[in-house]
Structures are given as C-alpha cells and as structure tokens.
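Chains, contacts and geometry: an overview
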Amino acid sequence: MNEVSYIGEHLWVGQIGHFCVILSFVAALLSAVSYFLSVKNRKNATAVGWSVIGRNAFYLHGLTLFTLIGLIFFAMYNHYYEYSYVFDHVSEDLPLKYILSAFWEGQEGSFMLWMFWHVVLGVILIRKEKTLEAPMLFVFAVAEVILMSMLLGIHLPWGDDAIRIGSNPTTLLRQINEAPIFANADYLSLIKGRGMNPLLQNYWMTIHPPTLFLGFASTIVPFAYAFAGLWLNDHKEWLKKSLTWSLFSAGILGTGILMGSLWAYVALSFGGYWAWDPVENASLVPWITLVAGIHVHLVSKNTGYATRSVYFFYLISFVLILYSTFLTRSGVLGDTSAHAFTEMGLEWQLIFLVLFFFLTGMGLLIYRFKTIKNPEKEEELASREFWMFIGSLVLLFSGILIISSTSLPVFNKIMTYFNPAYEGRVIKDVIGHYNKYQLWIAVFIAVLSGFSLFMRYGAALWPQQKKKFTQRMVISIGISAVLTYLTSLWLEYYSWQFVVMSFTGLFSMVSNLDYIISVVKGNLRVAWSAIAHLGFGMMMIGMLASGLNQKAISTNPFVFKGMFTDEDVKKYVQLIKGKPLFSQGYLITYLSDTLIDRERRYDINFKKLNDSMEVVEEITLHPNAMYSNDFSKVAAFNPDTKHYLTKDIFSCVVSLPPALSSVEDAKKIEDSLKFTTYVLSPNDTIQVGGYTIKASEITFAPTHKEYVKHEHDAGIGVQLSITDPQEDTTYLVEAALGMEGALMYNYPAAIETAGLRVKLAQNTLDDFFTPDDQLEYKEFTIKSNGYIDFEGYRLQLTGFDKEPQHPNYTKQDKDIAIAASINVSGQGMAEDASPIYIIRDNQPMSIKSYSGKSGLHIRFSNIDPVKEEFSFKIAKDKRKTNDISVDIATDVPRTDYLILQATIFPGINLFWGGSILMMLGLFLAAYERYIKNKK
Amino acid sequence: MNKNIIIALILIVAGILVFINASKDVSTYANFEQATNGDRVKIVGQLAKDKPMTYDPQNNPNEFAFFMKDDKGVEKKVVLHQPKPQDFEMSEQIVVTGELEGDVFNASEILMKCPSKYKDEEIAVKEQEGKI
C-alpha cells in the first residue's frame, strides 16, 4: 500500500493517549502486585515499602487515566474526526452541552467513567483507611487492571485469527475502516462525524450515567472490605468500618437506577417507569443483594449472628454488578433488551472479569468459612435479628428469581455450545412473569418491614414488651384496614390479591410512621430505617395506583369493542389536525406542529369536560418527534407529561404519516402521485375528482407560506379556490414557483381533506419570463423628472434613493449606488420599480428591476452628471401565453394527522416519593454513621 | 429442630415450587403450525415483502396487517393490534406474540430486529457547499 501523508491530523493526541493507556495498565498491574506483596509480608518490615510502591503506582494509574480522559475530551471538543471514537460520537451540529454525554455514550467512554470513579474512591480509601489499605487497594488495582485491559486494543495472533484484547479509544478512523476516501491525503476536510444518537440527546444522558457508574463503582468498596476481612482472617474490624460505605453505595446505586426509570418515564416513549428489561434487572439485583447485605450487617454488628451472610451478600453484590456489565456489553442479550450496547468482541474479557472476582471472592469465603464464628445460641423467634435475617433471605430469593429469568439468553447460549440445534427459550409474557412473583415478595417485605423495628435485638425484655408490641400492631392493622377501604374508593382493586398488596403496603407505612412518631419521637437521626421502610410501603401503593389503575385517554370510541380481548392494545388514537376528538371525558385536539432544527414539536390540547360538557381543566402538551442527524427519518418520539400532585397526564406521539416519517417513504409517495396537467385562464373553472377548481389571479409576489421563507430572483403564483360541493366548503390556496439562480423551486398547494395536490407546471416560468440574454433592450435617456413611453406603458421617474436596498445587492466600501424610483402604469395596471445603478472600482454596474404585471425589465444604465441626464434600458417579456398550466393530483395521502398515546397515571408521585424516601433513608443512615465514626 | 434448618427447608421447597411454576412461563419460539391449538405463543419469522401491508389509521389506528413467513416457510396473515411500527419494512426478523385464530394470527406485541443504524453506515461525506 502506498503511504499517504495525511493532512490536518493531530496524531500527537492519540500517541500520548495510547501511551497513557499502556502506562495506566502497567501502573495498575504494578500497584496490584505491590499491594499483594505488602499483604503477604504483613508480618515483615517490607510490608510498608510494598504499600508505598502500591500506593504510588495507583496514583500514577489515576493520573494517566485522567490524562487519557482529558485527551479524549480535547479531541472530541475539537472535532478531531481522524479518531474513530470522536467520529462515532460527535458531529458539527452536536451542542456543546452534550459533549459529556457523547463521551460516555460508547463502551470505551463508559469504561473510563467507571474507572474514574474507582480511582476517586480508591484515593479516598488510601487517605482514610489505615490498616486495611493494602488488601483493599489490591482489589481496586486488580479491578483496574482488568477494566483497563478493555481499552488496550492489542491483537494477539491465535491460529488463523487474532485475539483482540480491548478496544482502544485512540484508534484512528482509517486504521479500522477501509474506504476509498482514505486514499485522499486531505480526507479530513471531507468527512463529518456521525454524532450522537438523537434519542440520547437530553440532560438525562448527562446526569444518569455518572450517577449510575458511581453506584456501580461504589459496590467495590464493601467487596474490598469483605475481601480484606477474609484475607486477614479478621472478621470484626472491617464490619465496623464498612457500614457507611455500604449505605452510601446502596443509596447512590438506587438513585442511579431511579434516575434511569425516571428518564424512561418522562423522556422516552416507553409509557412507564419499569419494564423488567434485562438491563434494568441486571442493575436492580445487585442493589437488592446490597440492601440484604446491609440488613445482615446490622444483625452481625449488633448480635454477632450472620457474619457469613454479610460476606456472601457484599461479595455477590459486586460480582452481580460485573455480571450486569457482561450482560449489557457482550451482546448476549441480543433482541431481548431495548438498550444494550452493541457488540464489541469483548465477551471473553468480560467473562474473565466476572469469573475472576466470583471465584476468588467465593473461594476465599469457603476457605475461611469455618473460622467465621456464630454465637452458640440460636436466634430468638421474638428478636429483631431473626426477622431481619428472614427479610434478607426473602430479598435474596427475589434477586435469584430476577437474575435467573434475566439470564435466560445466557442459558440459551451455553446450551447451544453443547447442542448447536438447541432451540432457545424465551419468556412468553415478560412483565407478567416478573410481576407475578415480585409483587408477592413485596408483600412479604412490607409485612416484615412493618413490624420488625418494634422488636429488639436479642429479644431483650420480650415478656414485658410483648403486650405493647401486640397493642401497636393491632392499632396499625386497624388503621391500615380502614385506609385500604378508603383507597379502594379512589383506586380499583381488580382482585383480592391487590387488596392484600394495598393493605400490606399501607401497614408498612402506618407502622413505620407510628415508629417515627411514638418510638423515636420524631428524632430523624435515628429514624432512617423507618423512613426507608415507610418509603417502601409508599412505593408499593404508588405502583398499585399508577400501574394497575393507569387509564388510556386515547381510546378511540369508534373502534368496535370485543374484537380483541387485550385491553392495553387499544391505547392509541388517531388525531387529525384541528379536529377535536372526545374520549374518556377529554376533548383532545391536535392544534399545530412546528419544525425547530431536527425536532417536530406538536401542540396537543386536552380539555377535561364534566357531565354537562363544561371545560373544567385545560392543558396543552408538547410531545415531539426527533429526526435522525441526517434528517432522513424520525429517530425518536419524546413524550410530554403534565404532572399533578395526584396524577400525571402522559402523552406521546407513536406514529406519523409516512410522508413525515421518512424521506424514502415521502419520495415513494411523491413518485406514486399521478399528476394531470390542466390549462387555466384566470377565472376559469374546472372539475377535478368531484371538486370545483377556479384560478383567480396570477401574482408575481407569491404569498405561499413556504415561498416567503426563501429569497428568489423571480416568482410566480396563482390563487386557487377549491370547492367541495358535498361539504359546501371552499378552500383558498396558492401554488407558486420560485427561481433562484439556475434553480427552480416548486411550492405546491395541498388540500389535505380533499386529498388534492396542485402545483404550477414547470414551464410556467418560461412562459412568463424571458431570460435576460434573449431580451431586446432599448435605451432611453431622460431628465430627472422625465418619463418614458414604452410598448403602451408609461414609466415615470419619481425620485432617487442613495441608500438602495436589494436582496441581490450587498454594499461594499467604496460603492456609489443610486436607485431610481419609477412608476410603471398603463393597460389598467400600476406598479413601482426601482432599478439600481452602481459604480464599483470605477466600473458601472446595474441591478435590474422587474415589473411583473407589465412584464417589463428595467435597467438603470448610466448617469451623466454634467447634463443631469439618466439612461435606462428597457425590455419586455416575450410572453407566450396569459394562461397558466397546473398539474393536479388526486387521492393524495393525508399528512395532517398523528397517532397519539395519552395515559393518566394516578398516584405516580407516591411511587417517586416512596423511592426517594428509601434513598433518603439510606443516605441519612450513611451520614449518621459517618459522623459517629468521626467521633 | 433447629430453626435455621426449618427456614432452609421452607425456602428450598418454595424455591422448587416457584421454579416449576415459572418454567411454564417459558417456551421456545413456536411456528404457525404449532400455534393451531390457540395458545398464546411467540413466533419468529420474516416479513413477506411481496404481500401487501395494510394500515389505515383513519379507520383504526390500532390495527396493522401484514404477512409473515415463519422459519418453516409457512406464510400467514398477522394482525397487529398496534400502530404500524417505525422502520417496519427494514426489519430482518420479526417476533410476534399472540394467538392464532383461524387463519389469522392476532398479535398484541411485536419485536423487530433491524440492521444496526450506525454499524454499516458509509462514512458520510460533506455536501458540496456553495452554489455554482
């Protein structure tokens, strides 16, 4: 291959970047080895020395990683498209505010984000953690080695193929693509970036990934603590230190997951906040096991029971995070998930990542299992720890169920290794399958979280406390029963199962509220567990209300019922622009739409009517359609939601007419139209497809709404009135043609309801205008108040303008420009014209003026300052006809409608409020522990 | 008896019951022939591009009909009770969930596998700017 020396590349960015990748990898490796040796020699004097090396190597790893991130940013900010990662994620038109999102849109970027948080957390631990630094940072460093290897981009020969290790973010575009364009040394000036997926261009993409990845990264801390405890065979110390971290980790991971579901709800067209999508499940399960871990952690701290479970839960939570990464990034989910990354050939590396931590963690736990002691005596049935342990087991059970079902594609894949003919299994009804079990688990959890706080560790003073406990429970049960009845007036519970759910959720709320008020007396510093439990109960009620009782307002009353049993398939409705539709107590009107950049924004008006058909409430929502970066088709529909305290009204366009959805379809439709040409004289009437069409007047200054948005050298339009005799309606429209330079633009008139399209025939402009070089100009010279008679018209000079304005004239510095004001009249018409005379660089020039009605072309050709005389060149169009020919197509598909989904989610704020309370409880607890540990 | 053993036993029994129960939620992809017993099934297939598709939103926006060929080559009419999905014609593979009634498959859910939008795209070349 010929070496081409390329122009304009910034190779130094990639060279330093690549160097950083390798150095960072090596530094992490050195750090891991040093920390390992430090722990191994912990009884010797060399331990400190190894730790120092490990620490500094970790710092170096962090420094080079941050430099790498900085360089990639720099390349993205400056649009260095020679880099494949930049080319894939950035484009000219990408607003600067999305540059962060573009950075972590791809796999490499999100790995870097993850490592970034690991480094931040690792450095905090180096600073804070004195005794367990070496074994913990060993875990961090190993994780960083494996994660960094995902960015190495090394190809190792392996038989006929090459094994690829990692994907380097500094790879050049021309290294991975073979395209003829790279034969051009200046290819950079010819390419533009692909840019970001329009679906992701919103602020959620800016805040959700960093939060979620901080959540992911933070789960390594409890893992590392547990690992250190096992390694050093000290099952006490780490338990004291790690609770703050676990609480923080659960809080931030939960927040990240919630943000994802809030994003799905408000900005994506899912029409819900949880869909049991594999990607959602994979991040939920580690959160569940982490929460279970926190509960047994509290048990272990307070009573000494369940330490083995603490180890198990903390180890498995991080492994499950790694497993979720494998699921989402390896491509194994295939078509079962809506939002997995695309395949990148990193499967084996990802499997190694999961297995490494799973096997070393669990191996160590089994190895040390016997040395972890439990108290001799069994837990009391009436003790808090017993029920907390049961609760953790229920959570574990929930997690196992979810992850097993989610792993079905993995199971299928494994089976096909053994039996290539194996037919993959799928879940028939995904949401139903998960809900069926998880809702019952929620019932258990709600009951447990409702009464367990009223019990004491070690069943202390149970005989005396028993009566009070029973009393409180009876009161809570009583209140919850009443509340269940009251909510049944608001919500419909379709079967007894929902009544049970509602009751247990309310029970959890009531008894925890009781606990906050009467036991801890409103002291929020110790009420965090009750706050989190209260949140859980509230979330359950929110799920019942918004999930079970959501109501589609966009049900088309005209679709005959009973044809199909599944209720939720009837949640879409067609709206025609300007035609109100009455459905489910709402009058819905598609008012208008506007195209702003790549976004088509709709105005949909909802009027809520009462029984006497009076408007009691009115809102306008603005769902939109986002076109792809090249504008070839709709890339995404974004919903718009009006939030009330007690409900949300959600609206989303789900489908558009083909002509608006894709350029290809629009062209197909355009090509399929059959136009027939009609010749019309002004005020002539013709009959087309049952409509009466009358041409009113020819104009040379069209007012067509698209025409006026552009500048033209010349234009022609015709007013048409189209009458529908059946509806007794007349539409007034205009069809126009515009010319700019050598290009002709057609502005047809469309009558949507009649399915008619009318355009001026291409030859209309030729018929009326004569090109300049075919005109026969005649020159006239007159005084300042003179006039010219030409072909039956009188041209009266009325004045001059020394600051002429004309679309084709841009004033330059030394220009002398004068426009003549001329009134053209005759043959029953009168019109003003203003030709311009310009002297630029001592050269005379002129800009002609065209009088459409008379067909006169007027040039201001000379000024004689001595004689005070002015010369004009005038010519007349050689008009072939005064008739106008129009092309008319009938049966044109309409483009003035949309398909809408509109849903009411009652009580959805209970769901959000409850979830937020849960996270708040976790963060409050983490903060309390932090303060306590400081003292 | 030890409480923990009782709990473990309860959990194991519950676990087995749930798994037996849950395994009924799972099935392989069916084809049209297997769907004749009227069960709710998932069928994988391809769009029969030579047959007509009908979608008339003015009449019923929740009904879109097309012909699908399953992996055994059997072709049947599918009525999807939803608006016509975007990029439907571009789909390489379709998975529909629903029931066969007579000769028509009534589908309430659809999943499409489309060629990745960004993968095989040519390197876009800037449009020539300016006029001649």
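All residue numbers here refer to positions counted from 1 along the written sequence of the relevant chain. Here the convention is simple: chains get letters from A, ligands get numbers from 1, in the order in which they are written. With the structure being a predicted model, the display of local features is reserved for residues of pLDDT at least 70 and the display and counting of side-chain atom pairs for 80 or more, all residues being used for whole-chain, interface and lining totals. The basis for every side-chain value is the complete set of heavy atoms in the structure, and neither hydrogens nor water enter the calculation.

Take the overall build of chain A next. Along its length, chain A carries 23 helices and 33 strands. Only the C-alpha atoms count toward the radius of gyration. The rule for a globule is 2.2 Å times the residue count to the power 0.38. Compactness check: chain A gives a C-alpha radius of gyration of 37 Å against a globular reference of 30 Å for 935 residues, more than 25% above the reference. Here the C-alpha coordinates of chain A stretch approximately 120 × 80 × 60 Å along the principal axes. Buried means the residue's accessible area, taken with a 1.4 Å probe over protein chains only, is under 20% of the maximum for its type, while exposed means over 50%, and partly exposed covers the values in between. Taken across its 935 residues, chain A has 54% of its residues classed as buried. Only heavy atoms matter for contacts: two residues are in contact if any of them lie within 4.5 Å across the pair. For chain A, the proportion of contacts with a sequence separation of at least 24, taken over those separated by at least 6, is 69%. Residue exposure ignores everything except the shown protein chains as possible cover, and the areas themselves are Shrake-Rupley values with a 1.4 Å probe. Counting every atom, chain A has about 42,500 Å² of accessible surface; 59% of that belongs to carbon and sulfur. Between the averaged position of the 77 positive side-chain charges in chain A and that of its 84 negative side-chain charges there is a distance of 14 Å. Comment: elements are numbered from the N terminus, with helices defined as DSSP H or I runs of at least four residues and strands as E runs of at least two. Working convention for charge: Lys and Arg count positive, Asp and Glu count negative, and His plus the chain ends are omitted. Charge positions are represented by NZ for Lys, CZ for Arg, CG for Asp and CD for Glu.

Along its 32 residues, helix α2 (residues 46-77) of chain A runs 46 Å from first to last C-alpha, staying within 8% of the 46 Å computed at 1.5 Å per residue. Following α2(A) by one or two positions, A:H79 adopts a phi angle in the positive range, close to 55°. For a helix, the expected span equals 1.5 Å multiplied by the number of residues minus one.

A few words now on the layout of surface pockets. Residue and element names in this part refer to chain A. Residues are said to line a cavity or pocket when one of their atoms sits within 4 Å of a point; the points come from a 1 Å grid over protein atoms alone, cavities being sets where a 1.4 Å probe fits but cannot get out and pockets being open sets with protein on both sides within 12 Å along at least five of seven lines. Grid points are joined across faces, edges and corners, and a volume is the space filled by probe spheres set on the points. Taken as a whole, the second largest pocket spans an internal volume of roughly 1,700 Å³. In terms of lining, the second largest pocket is formed by 42 residues, of which the most central are L660, K705, E706, E752 and T895. Secondary-structure elements contributing two or more residues to the lining of the second largest pocket are β7 (586-596), α20 (658-661), α21 (663-672), β18 (729-740), β19 (743-747), β20 (749-751) and β21 (756-760). Amino acids are sorted into nonpolar (Ala, Val, Leu, Ile, Met, Phe, Trp, Tyr, Cys and Pro), charged (Asp, Glu, Lys and Arg) and polar (every other residue, Gly among them). Partitioning the lining of the second largest pocket into residue classes produces 19 nonpolar, 10 polar and 13 charged.

Attention now goes to the domain arrangement of chain A. All names here are of chain A. An automatic or database domain assignment provides the domain bounds reported here. Each domain of chain A was delimited in the assignment, giving domain 1 (1-196), domain 2 (218-256 + 276-427), domain 3 (663-769 + 885-889) and domain 4 (772-878). Each of domain 3 and domain 4 has a C-alpha centre, and these two points are 32 Å apart. The interface is formed by 6 residues belonging to domain 3 together with 7 residues belonging to domain 4. Contact between domain 3 and domain 4 buries roughly 470 Å² in total, counting both sides, with carbon and sulfur atoms accounting for 55%. Among the residues domain 3 hides against domain 4, the three largest losses belong to F700, F768 and F769. Together they make up 64% of the total. Here, a salt bridge means any side-chain nitrogen of Lys or Arg that lies within 4 Å of a carboxyl oxygen of Asp or Glu. The interface formed by domain 3 and domain 4 includes 0 salt bridges. Pairs of N or O atoms are called polar contacts if they sit within 3.5 Å, as long as, within protein, a hydrogen donor faces a hydrogen acceptor (for residues adjacent in sequence, only side-chain-to-side-chain pairs). Taken together, the connections running from domain 3 to domain 4 amount to 0 residue pairs in polar contact (both at pLDDT 80 or more). Defined here as a combined quantity, buried area equals the accessible surface (1.4 Å probe) lost by two parts on assembly, summed across both.

Contacts between the two partners involve 51 residues from chain B and, on the opposite side, 61 residues from chain A. Interface area for chain B against chain A, summed over the two sides, is near 4,900 Å², with a carbon-plus-sulfur share of 58%. One can count 1 salt bridge joining chain B with chain A. Measuring nitrogen to oxygen at the nearest pair gives 2.9 Å for the salt bridge that ties B:D25 to A:K436. Seen at the junction of chain B and chain A, the total is 5 residue pairs in polar contact (both at pLDDT 80 or more). Elements represented by at least two residues in the side of chain B that touches chain A include exactly α1 (3-22), β1 (26-28), β6 (93-101) and β7 (104-113) of chain B. Broken down by element, the side of chain B that touches chain A gets its largest block of residues, 10 residues, from α1(B). In the side of chain B that touches chain A, the residues fall into 19 nonpolar, 17 polar and 15 charged. Pairing geometry for strand β3 (residues 425-427) of chain A and β1(B), over 3 bridges, is antiparallel. Its bridge partner being in β1(B), A:V426 is matched across the sheet by B:S27. By this definition, two strands are paired if DSSP reports at least two bridges between them.

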